[in-house]
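# Structural characterization, general
The chain contents come next:
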Amino acid sequence: MEEMKDVILEYVTNEYLEEDDDEISYDTPLISGGIVDSFSMASLKRFLEVKYKISIPDDKATPEAFDSVDKIVELVKEYVS
Amino acid sequence: MAYSKNVREAYQGTLATIKDAGLFKQERFIHSVQDAEIEVEFPAGAAPKRVINMCANNYLGLSSHPDVIKAAHEGLDSRGYGLSSVRFICGTQDIHRELEEKVSEFLGTEDTILFPSCMDANAGVFEAILTAEDVMISDRLVHASIIDGMRLAPAIHDTFKHSNMLHLEQKLQLHSDKRIKVVITDGVFSMDGDTAKLDEMVALCEKYDAMLFVDESHSSGFIGKTGRGTHEYCGVLGKIDIITTTFGKALGGASGGCVSGRKELVEMCRQKARPYLFSNTIAPVVVSGVLSVLDTLSKSTERRDKLEANTAFWRKGLTEAGFVLKDGNTPIVPVMLFNAKLAQDFSRDLFDEGIYAIGFFFPVVPNGQARIRTQISAAHDIHHLEKALTAFRKVGEKHGILGKTKQEIIEKYGA
């Protein structure tokens with residue numbers, strides 16, 4: 001699942017960071033760290049669903065579950081067949 | 001009593017937190033009409049002081065123009081003060097429809113519907129025209145009212161980096177399976193004063209079968225050769241599907257707004273937009289004032305031309321004085337100070353020099369992007385701007401920032 005980790009890290013970096021922002025790692029807090037606002041979570045969820053051909057129920061797509069790349073990978077793995 | 005001591009103390013605690021964070025907003029009372037010079041009571045209780053106003057959205061200087069005031073008086077006399085009804089019961093007068101037609105003509109659109117404010121237009125439009133099968137793709141710096149409107153809509157929401165067309169295209173590709181796609185942007189962005197790339201956005205929307213929504217609140221009346229807005233400036237008149245704009249800035253400055261665009265979308269708003277359905281519309285006195293404004297602007301570009309010349313003079317003066325400005329060519333000219341306290345101190349010092357301009361800092365702008373946002377008006381004469389430049393130079397010198405780069409200012413004051 002290393003590849004999934006890197007794909008999601010790259011997406012989050014490209015999507016939410018500006019050029020002069022510090023780099024993030026797999027365990028950087030995304031929502032609680034103010035990098036991804038809760039309103040933008042919908043687009044992150046959409047990316048994961050399209051990329052991995054899964055459907056994440058809304059009640060599972062919580063700010064806690066999306067709070068780091070590691071946590072997102074855990075969530076996605078639950079739904080990837 | 002439901003408002004118990006505990007509840008009161010809870011609110012007092014929250015307000016104290018806002019104050020402690022330096023985010024407490026206080027109104028300043030103006031004892032005059034809105035104009036290039038105003039009389040401001042600051043701090044509260046002080047004798048009003050006459051200052052040059054550098055922070056109004058009064059771009060065309062029409063807020064207190066005699067012709068507008070005269071038209072408003074006539075409207076008050078002929079159509080009364082209020083209507084005591086929403087539009088579809090007994091709250092629509094002939095002049096409301098006349099204004100909708102005049103706005104459509106001015107903006108080059110198919111139809112228009114009035115709202116009590118542009119805040120209401122933005123709050124109501126997305127819910128009225130979109131379903132859960134649709135997607136809204138917005139620039140990350142759109143106005144707060146658009147964000148509120150998107151939150152109320154059932155469609156999913158995504159964003160693209162500010163004015164980044166490559167990123168927008170990626171998002172249009174990602175959401176290509178959606179029934180309806182709407183790309184959403186401001187025409188002129190209120191905090192930075194930059195202009196949306198509407199020509200490129202129209203091309204992308206055509207390529208990916210998406211609609212384009214533009215909020216023209218900081219553009220209508222003065223951007224473009226005849227002041228029609230950003231769509232005129234970018235050469236895409238008639239190609240914007242939904243325009244929202246306000247009558248509370250350049251177009252008279254009182255209140256009111258509208259959704260203007262494709263006739264089916266406007267009709268959907270008339271049937272479903274909640275701020276339209278459940279609120280009185282614009283008062284007759286304001287409608288009459290805006291009709292007069294549009295009449296004036298359709299006959300002559302004199303005021304927007306003066307605004308353009310004033311803006312060029314102001315930008316050149318600040319640049320020569322050695323300030324760091326945000327790039328752009330609109331009458332919104334942000335003087336970058338980067339540090340929140342410096343922005344507040346700078347604003348206070350300007351006031352002492354007879355210049356009224358406000359400091360903006362987080363959360364209104366991103367952290368480390370504090371600034372004095374200056375806004376130029378056609379009501380300004382060159383002597384106003386010369387006096388303001390003298391004051392800016394003096395205060396800039398006091399704080400040691402003239403001729404300094406962004407990095408040097410941040411090193412001195414922090415971001």
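From a predicted model like this one, the values you see are computed outputs, not experimental measurements.

### Details of the sheet that holds strand E8 (residues 211–215) of chain B
Residues and elements named next belong to chain B. The strand order across the open sheet built from seven strands is E4-E10-E9-E8-E7-E5-E6, with neighbouring strands paired in mixed fashion. Two strands close off the open sheet at either side, each with one partner strand: strand E4 (111–115) and strand E6 (156–160). Shown here is a sheet whose adjacent strand axes are inclined to one another by a mean of 20°, direction ignored. When strand E9 (residues 242–246) meets strand E10 (residues 257–261), the two strands line up antiparallel, connected through five bridges. In the sheet register, Thr245 faces E10, and the bridge partner there is Cys258.

### Some points on the sheet that holds strand E3 (residues 49–53) of chain B
Residue and element names in this part refer to chain B. Pairing in this open sheet of four strands is mixed, and the strands run E1-E2-E3-E12 from one edge to the other. The outermost strands of the open sheet, each flanked by one partner alone, are strand E1 (29–30) and strand E12 (355–356). Pairing of E3 with E12, which is carried by two bridges, proceeds in the parallel orientation. From the neighbouring strand, Asn53 faces E12, where its bridge partner is Tyr356.

### Some words on the environment of Leu402(B)
Residue and element names in this part refer to chain B. With respect to the helices and strands, Leu402 occurs in the loop between helix H15 (382–398) and helix H16 (406–413). Separated by 322 residues in the primary sequence, Leu402 and Gly80 have C-alpha atoms spaced 54 Å apart. Beyond its immediate chain neighbours, meaning those up to four positions away, Leu402 contacts Ala321, Gly322, Gly396 and Glu397.

### With respect to the domain arrangement of chain B
Residue and element names in this part refer to chain B. The domains assigned to chain B are domain 1 (26–55 + 302–413) and domain 2 (66–299). Between the C-alpha centres of domain 1 and domain 2 there is a distance of 29 Å. Top element by residues in the side of domain 1 that touches domain 2 is strand E11 (residues 332–338). It accounts for three residues. Class assignment of the residues belonging to the side of domain 1 that touches domain 2 gives a composition of six nonpolar, three polar and four charged.

### Some details on the packing of helix H13 (residues 302–321) of chain B against H15(B)
Residue and element names in this part refer to chain B. For the pair H13 and H15, interaxial distance at closest approach is 10 Å and the crossing angle is 20°. Between H13 and H15, the angle is such that the two are roughly parallel. The way H13 lies across H15 gives a crossing that is right-handed. Residues Asn310, Phe313, Trp314, Gly317, Leu318 and Ala321 of H13 form the contact with H15, whose participating residues are Ile382, Leu385, Leu389, Phe392, Arg393 and Gly396. When its residues are assigned to classes, the contact of H13 with H15 shows eight nonpolar, three polar and one charged.

What counts and how
Residues numbered from 1 in each chain as written. Chains lettered and ligands numbered in written order. Predicted model: local features only at pLDDT ≥ 70, side-chain atom pairs only at ≥ 80, totals over all residues. Pairing = 2+ DSSP bridges. Helix = DSSP H or I, 4+ residues; strand = E, 2+ residues; numbered from the N terminus. Axes fitted to C-alpha atoms, helices over the stretch in contact; angles between N-to-C directions. Contact = placed C-beta atoms within 7 Å. Domains from an automatic or database assignment. Nonpolar A, V, L, I, M, F, W, Y, C, P; charged D, E, K, R; others polar. Parallel < 35°, antiparallel > 145°, perpendicular 65-115°, else oblique. Left-handed = near helix turned anticlockwise from the far one by under 90°.

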